[in-house]
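The residues making up each chain are set out below.
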Amino acid sequence: MICYSLLKAIIYYILNLNTFGIELYFWCFILWYKVKRSIFDNKNYKDKQVLKLVDKIILGIETSCDETSASVVKNGREVLSNVISSQVDLHQKYGGVVPEIASRKHVELIIPVVNQAIEEAGITPDAVDAVGVTCGPGLVGALLVGLSAAKAIAFAWGKPLVGVHHIEGHIAANYIEHKELQPPFVCLVASGGHSHIVHVEDYDSFKILGKTRDDAAGEAFDKVARAVGLGYPGGPLIDKKAKEGNPEAIDFPRVYFEKGCFDFSFSGIKTAVLNYLNNLEQKGEKYSVEDVCASFQAAVVDVLVTNLISAAKHTNSRKVALAGGVAANSMLRKELEKQAGRNGLEMYYPSPILCTDNAAMIACAAYYEFIRGNVSGLNLNAIPGLKLGERG
């Protein structure tokens, strides 16, 4: 088990959370832990025939935004533990995530969260075969905390390190929920920072078919929720209010591009909602929050579902999937299920707990990278703008 008494003392000397501070925080832990525990050299892991390995246990770590999470997953599909510490309450009063606050909270929580994940899994460090960690995209300060912790643990325990793309992790959440699911399939990844349609060709091979040209879907939900006074996070709040409203009350615009293009644009609908609200307020007229939420949500869902179904037809795929925070939206699930059925497509989506940022999905993605020999060095760095398919 990880002891963090030394880390607790060092934190008082780290007044500014930056790359040097985070690295110092965790590398001091390494020096202490190396004295306490004899470990083996892992420099030859890339030379091993990992494709033949079975029953592999991965420790996953996720800190790309405002969730501090650690998870233990067996063979990429069986979750032994999945600990998530959310900072939603902390950021609510600011109307969104404050990067500096998120990073400092990660520093405070990361070691206890990893400890808890190991305890709940009922294993010892010796049972862990690799450490998977999100290396991008995300908030750079937040990423550095998880990455530094993962590197320290991997080095101290003598385990290989596996850098994971955050979107790849969201897609992998479907493998946990649906044991039978295998590539290829087309997946819509929609969250506060991403809106992608991805052709999942294999476990480690992805092709982006469409993406947002401006705001992400989840970002639009947050901004509209703030405009109508619902607060943060906007997605679940709008989803709840929309159930009480009329989705046809207001004709908000749907943006589609030329045939064969599956890109999104949500800045226009966000602006349309703001203009609608401002016009009524200037006239002294009232509006229905429920109708605004229902109509806005219907417009966004229409575009997401239409583009996903079109992309599936374009690739001759018979399977579609959802991933990311917006994938928890009840209307999106309902409409996609209806349209998938009409078009003879199989549909998959994770449970809500696996839609949000979590380490189980990272451990799952890391497993499939690991068994293909895709491991990282201890010089792995945080890349806030990492593109899907790129290695950290």
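Data block above holds the structure.
Residues numbered from 1 in each chain as written. Predicted model: local features only at pLDDT ≥ 70, side-chain atom pairs only at ≥ 80, totals over all residues. Heavy atoms only, no water.

(A) Quick peek at the sheet that holds strand β4 (residues 130-136). If you walk across this open sheet you meet the five strands as β3-β2-β1-β4-β5, and the pairing is mixed. Across the chains shown, the open sheet's two edge strands, defined by having one partner strand only, are β3 (78-86) and β5 (161-165). When the angles between neighbouring strand axes are averaged without regard to direction, this sheet yields 20 degrees. Bridging between β4 and β5 involves five bridges; their strand directions are parallel. Each residue of the ladder has a partner; that of T134, found in β5, is V164. Packing of helix α5 (residues 140-157) onto the sheet brings it into contact with β1 (57-62), β4 and β5, and relative to β4 it is tilted by some 160 degrees. Its contacts with the sheet put helix α6 (residues 166-177) on β1, β3, β4 and β5, and the angle it makes with β5 is roughly 95 degrees. (Pairing = 2+ DSSP bridges. Helix = DSSP H or I, 4+ residues; strand = E, 2+ residues; numbered from the N terminus. Axes fitted to C-alpha atoms, helices over the stretch in contact; angles between N-to-C directions. Contact = heavy atoms within 4.5 Å.)

(B) Broad picture of the layout of surface pockets. Reported here for the largest pocket is a volume of approximately 1200 Å³. Considering the residues around the largest pocket, the lining is formed by 41 residues, among which S191, G192, D222, Y232 and G325 are closest to the centre. At six residues, helix α7 (residues 217-227) tops the list of elements feeding residues into the lining of the largest pocket. (1 Å grid on protein atoms, 1.4 Å probe; cavity = no way out; pocket = protein on both sides within 12 Å on 5 of 7 lines; lining within 4 Å. Points joined across faces, edges and corners; volume = space filled by probe spheres on them.)

(C) A look at the environment of K93. Looking at the element boundaries, K93 is found in the loop between α3 (88-91) and α4 (99-121). Taking the C-alpha atoms as reference points, K93 and Y232, 139 residues apart in sequence, are found 8.1 Å from one another.

(D) Highlighting the pairing of strand β7 (residues 195-202). Counting buried positions along β7 yields six of eight residues, so the element is predominantly enclosed. Where strand β6 (residues 185-190) lies against β7, six bridges are found, and the strand directions are antiparallel. Bridged to L188 within β7 is I197. Hairpin connection of β6 to β7: four residues between the antiparallel strands. Connecting β7 to the antiparallel partner strand β8 (residues 205-211) that follows it, the hairpin turn spans two residues. (Buried < 20%, exposed > 50% of the residue type's maximum accessible area, 1.4 Å probe, protein only.)

(E) Representation of the nonpolar core within the structure. Counting residues in each nonpolar core, the largest one holds 48 residues, and the members touching the most others are I197, F296 and L304. Among the secondary structure elements, those contributing two or more residues to this core are β6, α7, α8 (234-242), α9 (267-282), α10 (289-314), β9 (319-323) and α11 (330-342). Residue contributions to this core peak at 16 residues, all from α10. Excluding anything up to four places from it in sequence, I197 contacts V186, C187, L188, K207, I208, L209, G210, F262, F264, N307, L308 and A311. Formed by 36 residues, the second largest nonpolar core is a distinct cluster that contains A130, A323, L354 and L388. (Core = buried A, V, L, I, M, F, W, Y, C linked by side-chain atoms within 4.5 Å.)

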